[in-house]
Amino acid sequence: MSRAVIRSWSGRPSSPSVLRVLLAFGSARDAVWAFREVLRLDPGMDPARQLLVVALKRRNPLYRAVSRLPAGLGSRRILALLPLIPPLIAAFVVIAVAHWTI
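Okay, so let's go over this structure.

Rules behind the numbers
Residues numbered from 1 in each chain as written. Predicted model: local features only at pLDDT ≥ 70, side-chain atom pairs only at ≥ 80, totals over all residues. Heavy atoms only, no water. Helix = DSSP H or I, 4+ residues; strand = E, 2+ residues; numbered from the N terminus. Buried < 20%, exposed > 50% of the residue type's maximum accessible area, 1.4 Å probe, protein only. Contact = heavy atoms within 4.5 Å. Areas by Shrake-Rupley, 256 points an atom, 1.4 Å probe, with all protein chains shown as cover. Axes fitted to C-alpha atoms, helices over the stretch in contact; angles between N-to-C directions. Parallel < 35°, antiparallel > 145°, perpendicular 65-115°, else oblique. Nonpolar A, V, L, I, M, F, W, Y, C, P; charged D, E, K, R; others polar. Core = buried A, V, L, I, M, F, W, Y, C linked by side-chain atoms within 4.5 Å. Patch = residues over 30% accessible without salt bridge, like charges linked within 9 Å, V, L, I, M, F, W, Y side chains within 5 Å. Salt bridge = Lys/Arg side-chain N within 4 Å of Asp/Glu carboxyl O.

1. A closer look at the overall build of the protein
Stage number 1. The number of helices and strands found in the protein is 7 helices and 0 strands.
Stage number 2. N-terminal to C-terminal, the α/β element order of the protein is α-α-α-α-α-α-α.
Stage number 3. Within the protein, the fraction of its 102 residues that count as buried is 22%.
Stage number 4. Sequence separation of 24 or more characterises 47% of the internal contacts of the protein that already satisfy a separation of 6 or more.
Stage number 5. When the accessible area of the protein is evaluated, it comes to approximately 7700 Å², of which 64% is carbon and sulfur surface.

Printed below as a string of structure tokens:
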């Protein structure tokens with residue numbers, strides 16, 4: 001849907017609000033494509049560059065889950081714990097393999 005809108009758009013958007021709507025209601029993959037296309041046409045559009053970073057972050061499922069949390073829920077604490085996830089997964093894998101070999 002968004003690719004068709006961008007292809008049919010003949011002029012440069014006067015404000016980044018159209019791009020924000022695309023990011024809010026479209027898929028992150030289509031939004032990334034649209035922001036790259038806008039930056040290809042106008043490399044100096046800073047709001048599109050900033051929103052491209054947001055769209056790239058929203059493609060990550062873990063980022064989407066954390067960003068949906070309310071701000072008062074201690075999301076900064078959860079973000080601080082994110083580096084601990086890979087070692088925990090590795091420990092669970094080692095425990096699982098150890099149980100299979102016994």
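Next comes the rest of the write-up.
2. Overview of the packing of helix H2 (residues 17-25) against helix H4 (residues 46-58)
Stage number 1. Following both chains from N to C, one finds H2 and H4 inclined at 5°, their axes separated by 11 Å at the closest point. For the element pair H2 / H4, the angle class is roughly parallel. Note on element contacts: H4 touches H2 through Ala48, Leu51, Val54, Ala55 and Arg58, opposite Leu19, Arg20 and Leu23.
Stage number 2. A breakdown of the residues in the contact of H2 with H4 according to their chemical character gives 6 nonpolar, no polar and 2 charged.

3. Regarding the nonpolar core
Stage number 1. Leu19, Leu23, Ala31, Val32, Phe35, Val38, Leu39, Met45, Ala48, Leu51, Leu52 and Ala55 together form the largest nonpolar core, which totals 12 residues.
Stage number 2. Secondary-structure elements contributing two or more residues to this core are H2, helix H3 (28-41) and H4.
Stage number 3. Of all the elements, H3 adds the most residues to this core, at 5 residues.
Stage number 4. Sequence-distant contacts of Ala55, defined by excluding residues within four places in its chain, comprise Leu23, Ala28, Ala31, Val32 and Phe35.

4. Some remarks on a nonpolar patch on the surface
Stage number 1. A contiguous nonpolar surface patch, about 600 Å² in accessible area, is contributed by Leu62, Ile85, Ile89, Val93, Val97 and Trp100.
Stage number 2. Here the element with the most residues in the nonpolar patch is helix H7 (residues 85-101); it accounts for 5 residues.
Stage number 3. Tracing the chain through its elements places Trp100 in helix H7.

5. Quick word on the pattern of salt bridges
Stage number 1. Tallied over the entire structure, the rule returns 2 salt bridges.
Stage number 2. Here Asp46 makes a salt bridge to Arg49, at a shortest N to O gap of 2.8 Å. With Asp46 and Arg49 both in helix H4 and 3 residues apart, this pair spans about one turn of that helix.
Stage number 3. On the basis of relative accessible area, Asp46 is assigned to the partly exposed category, the value being 43%.

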